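Read off the chains here:
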Amino acid sequence: MAGLKDKRGFIDKDRLDLSERKAVEHWMKRWGVTRDQLISAHRKAGHMVKDIAAELGKKR
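Residues numbered from 1 in each chain as written. Predicted model: local features only at pLDDT ≥ 70, side-chain atom pairs only at ≥ 80, totals over all residues. Heavy atoms only, no water.

### Description of the nonpolar core
One finds Leu-16, Val-24, Trp-27, Trp-31, Leu-38, Val-49 and Ile-52 to be the most contacted residues of the largest nonpolar core, which totals 13 residues. Put simply, the parts of the chain that give this core at least two residues each are helix 1 (21-31), helix 2 (35-45) and helix 3 (49-56). For this core, the element with the highest residue contribution is helix 1, accounting for five residues. Those residues in contact with Trp-31 that sit more than four places away from it in its chain are Leu-38, Val-49, Ile-52, Ala-53, Leu-56, Lys-58, Lys-59 and Arg-60. (Core = buried A, V, L, I, M, F, W, Y, C linked by side-chain atoms within 4.5 Å. Buried < 20%, exposed > 50% of the residue type's maximum accessible area, 1.4 Å probe, protein only. Helix = DSSP H or I, 4+ residues; strand = E, 2+ residues; numbered from the N terminus. Contact = heavy atoms within 4.5 Å.)

### Regarding the environment of Gly-46
For Gly-46, the position within the fold is in the loop between helix 2 and helix 3. When its relative accessible area of 24% is taken as the criterion, Gly-46 is described as partly exposed. Sequence spacing of Gly-46 and Arg-15 is 31 residues, and the spatial spacing of their C-alpha atoms is 8.9 Å. Those residues within four positions of Gly-46 in sequence are excluded, and the remaining contacts are Ala-41 and Ile-52.

Here's what the structure looks like:
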């Protein structure tokens, strides 16, 4: 599996799992958004990172 590496293994770069703290922190920092903004976009757009980025108006 290709992805961003954390201490336990890999973070999926195509899907966002809100239960994975490291993944949530990574995308919050990358896009400069709050946890609430990220959760809201996740609920509207689904779990695919490209769809969440589009919802936030950010580049993947």
